[in-house]
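Structure assessment
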Amino acid sequence: MSIVQNAGSGGTGKNRTGAAPENGTGEARGAGTAGSAVLTAERPAPGFPADDGFAIVTSGLTKRFGSGQVAVDALDLAVPGGSVFGFLGPNGSGKTTTIRMLLGLVSPTAGDWRLLGTPMPGGAGGVLPRVGALVEGPAFYPYLSGEANLRRYDAADPSADPRTVSARIGYALERVGLAAAARKRYRAYSLGMRQRLAIAGALLGPRELLILDEPTNGLDPQGTREVRGLVKEIAAEGTTVFVSSHLLAEVEQMCSHIAVMRAGRLVAQGAIAELRAGEAVRIRVETPDTVEAAAVLAGLGLSEIRLGDGDVSAALGTGAAERVCAALVADGVAVRGLAVQRPSLEDMFVGLTGEGFDVDG
Ligand SMILES: Nc1ncnc2c1ncn2[C@@H]1O[C@H](COP(=O)(O)OP(=O)(O)OP(=O)(O)O)[C@@H](O)[C@H]1O
């Protein structure tokens, strides 16, 4: 495994390769209990069949720290192979703790998990070399070049073959678009370049799964775009990407699937397209003839009709907007505007959790 982990400014990336799990509290393991309200989920069959097609599966994964705080509470996660999976939640909701458990950097209090179909932590030696990870941002020497940093980083990975290091570094730098800046000192890198170098660190071997913890944290808009584009490219090549974020808009732009955490618990997971499909699509008609328009909508069988000042809206369901428009016009309603409104993911989560989401960070 290759884990890039923040060790402070200009740090040495401690606790990366072969990191020993924390001798944490509550080592007792056992089957977890499903405690999460799952809105839509592609559920693995119980018992983790070997060829389950999921890159990550957790069952009842729980972490209680010594303080008694439950950072992650009976988490049942199902990350389909080939997905770009957004692991979303506000600060402190348990994302980093989950990622640390997945990678064996911290021991769960309870629960089981599989990476690439392999039971963990028993199968760590075999599976972690196929997993690239970036936890909490880059940690490189500012006075060394990007290439030299990667060389040091790779040397600390016992699963990496030193004979192929030059080729692997060359590939990784090429892959993240830093080949031309390979000899430049790290301190001269932009924020986006630094983060791309961190991702290069996670790509020093062929990876089937890439786990990125808040990869755009602290980046400017340009750096954010660079990292987002890179994630999409890596995923397009077939690598499953599991990416945590506290930014809903970002996850929406980058991911095919999503799981939402709140206070250590899973509140929703599934394919974004499926989550959207379950949303209530509404139609809104701008018109001075609100009463007449409402009557037409009711006549068409539309429900949840709301009259506003100069507009009428209703749940469209599976109905066609064209049909509504034609009926309004045929009835002599003066239509000034017509819009089909799909609630954003944010609206959906507000409905699900009863509170807003930190969309702006
Ligand atoms: N080593 C620790 N000891 C005690 N409590 C911890 C420890 N690490 C994390 N926590 C607590 O567990 C909760 C979840 O933290 P975690 O870092 O996993 O959340 P997060 O969603 O990744 O948030 P952030 O984006 O701020 O890192 C927080 O309340 C945090 O204070």
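Read on for an overview of the structure. Not measured: the values here are computed from a predicted model.

Helix and strand content of the protein chain: 11 helices and 16 strands. Of all 361 residues assigned to the protein chain, the portion counted as buried reaches 44%.

As a further point, take the environment of G223. Its location among the elements puts G223 in helix α6 (residues 221–236). Looking at G223, the number of C-beta atoms within 10 Å reads 19, which means it is partly exposed. Between the C-alpha atoms of G223 and A139, which are 84 residues apart in sequence, the distance is 17 Å. Excluding residues that lie within four positions of it along the chain, G223 makes contacts with S190, L191, G192 and Q195.

Here the focus is the site of the ligand. The immediate surroundings of the ligand are formed by 13 residues, with F65, A71, N91, T96 and T97 found nearest. Ranked by the residues each element gives to the shell around the ligand, the list is headed by helix α1 (residues 95–102), at 3 residues.

This next bit is on α1. The buried count for α1 comes to 8 of 8 residues, which makes it a mostly enclosed element. Taken together, the buried positions of α1 are occupied by K95, T96, T97, T98, I99, R100, M101 and L102. Immediately downstream of α1, the backbone of G104 shows phi near 80°, a positive value.

Cut-offs used in this document
- Residues numbered from 1 in each chain as written.
- Predicted model: local features only at pLDDT ≥ 70, side-chain atom pairs only at ≥ 80, totals over all residues.
- Helix = DSSP H or I, 4+ residues; strand = E, 2+ residues; numbered from the N terminus.
- Buried ≥ 20, exposed ≤ 12 C-beta atoms within 10 Å, placed from the backbone.
- Contact = placed C-beta atoms within 7 Å.
- Near = placed C-beta within 6 Å.

Function cannot be read off these values alone, since they describe shape.
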